[in-house]
Amino acid sequence: MASALPAFTPVEESLYLTLAGRALDSRAPNPVLGDTASAEIVRQIGYDLADFPMPSSKSFDIALRTKMLDDVVRGVVARHPDAVVLDLGAGLDPRSSRIDAPHTTDWYAIDFTEVIKVRRETMPTRPNEHGIAADLTDPHWLDEVPGDRPAVIVADGLVAFLADADFSALLNRLTSHFPSGEVAFNTYPKFAVWAIKHFRGTRSIADLVRNSGFDDPRDPERWDPDLELVEEIFATRMPEVAQTPLLTRVLSRLASRSAAVSRKGTAVLRYRF
Ligand SMILES: C[S@@+](CC[C@H](N)C(=O)[O-])C[C@H]1O[C@@H](n2cnc3c(N)ncnc32)[C@H](O)[C@@H]1O
């Protein structure tokens, strides 16, 4: 008998897309992430990848975006082994198992209650790793996070689900809480938000998207003056593009010459504060 999947709300269910993308990537001949832990979580919760077919270009994109954010975390943790890592809207992403941060790092995965419950059931607990069951728009969840150390804060696939004002309030709360740190998240350009709402493949999350998207990477600096843009990380410029099919590779190489064009695809923004 097929096991019942966790009783997630529609917003929580969005985690299946990224989880499945990483699991599928782990089975590819040349995986980007090689995240077998995600494949194991898929198995444990009884999610059947065959029920939700995903083109390999999509799982490649998901895995690459995750790698871009992993690299940001690795960079900060290497410089600050005592850093606090926050994974906002962590879903069932076993990011800490990929990074293998030193035990002097404190790691916090924040998501809604049911998601944190399933994380606890499916992922081995690592020293100094904590799950916080909270709505990120609630100002109080940060009270339990130490605020006297540098932080690295990542959000993979989250921003689309936050209303513009909630996202900007969250950024301001985060930069006020820590003495210094970095924030990185994948972008949702205005066109991408429009596309999510109109394309068949993303119909399941169309009504859940609350962010209007933004095209100017300097916008977050205006919403939170403590933020300073450090880097735009474009998928088109990642070395992994070399392993994509010829047409994708050629188009990516052409797009990589222009930041304006690259911004329309998968990208991660990195800020310091
Ligand atoms: C697309 S999933 C990405 C999950 C994970 N970061 C990953 O890459 O697999 C978005 C996640 O954000 C969480 N989320 C959305 N809005 C949230 C909020 N207001 N508070 C906490 N979590 C939220 C959802 O529950 C979901 O797990």
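You'll find the structure just up there.
A quick note: this is a predicted structure, and the numbers were derived from the prediction, not measured. (Residues numbered from 1 in each chain as written. Predicted model: local features only at pLDDT ≥ 70, side-chain atom pairs only at ≥ 80, totals over all residues. Heavy atoms only, no water.)

Our focus in this paragraph is the overall build of the protein chain. On a plain count of helices and strands, the protein chain comes out with 12 helices and seven strands. The C-alpha atoms of the protein chain give a radius of gyration of 18 Å, which matches the 19 Å a tight globule of 273 residues would have. By principal-axis analysis of the C-alpha atoms, the protein chain measures approximately 50 × 45 × 35 Å. Taken across its 273 residues, the protein chain has 52% of its residues classed as buried. Within the protein chain, contacts between residues at least 6 apart in sequence are counted, and of these 73% link residues at least 24 apart. Carbon and sulfur atoms make up 55% of the accessible area of the protein chain, which amounts to about 12,900 Å² in all. (Helix = DSSP H or I, 4+ residues; strand = E, 2+ residues; numbered from the N terminus. Rg over C-alpha atoms; globule rule 2.2 N^0.38 Å. Buried < 20%, exposed > 50% of the residue type's maximum accessible area, 1.4 Å probe, protein only. Contact = heavy atoms within 4.5 Å. Areas by Shrake-Rupley, 256 points an atom, 1.4 Å probe, with all protein chains shown as cover.)

Close to the ligand lie 20 residues; Thr-18, Gly-89, Asp-111, Leu-136 and Asp-156 are nearest. Within the contact set of the ligand, a nitrogen atom lies 2.7 Å away from a backbone nitrogen or oxygen of Gly-89. Within the backbone of Leu-136, a nitrogen or oxygen atom sits 2.9 Å from a nitrogen atom of the ligand. In isolation the ligand exposes 590 Å². Once the protein is present, 97% of that is buried. For the shell around the ligand, the secondary structure elements donating two or more residues are helix 1 (10-13) and helix 2 (15-26). Per-element accounting of the shell around the ligand gives the leading share, three residues, to helix 2. A breakdown of the residues in the shell around the ligand according to their chemical character gives nine nonpolar, five polar and six charged. (Near = heavy atom within 4 Å. Polar contact = N/O pair within 3.5 Å; in protein donor to acceptor, adjacent residues only side chain to side chain. Nonpolar A, V, L, I, M, F, W, Y, C, P; charged D, E, K, R; others polar.)

Note on strand geometry: in a regular strand, side chains alternate between the two faces of the sheet. Extensive coverage of strand 4 (residues 151-155) is indicated by the burial of five of its five residues. Neither face of strand 4 is exposed, since Ala-151, Ile-153 and Ala-155 on one face and Val-152 and Val-154 on the opposite face are all buried. Bridge count between strand 1 (residues 84-88) and strand 4: five bridges; the pairing is parallel. What sits directly across from Val-84, in strand 4, is Ala-151. Across five bridges, strand 4 lies against strand 5 (residues 181-186) in parallel orientation. Looking at strand 5, one finds that Val-154 is bridged to Ala-184. With helix 7 (residues 164-177) bridging strand 4 and its parallel neighbour strand 5, the resulting β-α-β unit is right-handed. (Pairing = 2+ DSSP bridges. Right-handed = clockwise from strand over helix to strand, strands pointing away.)

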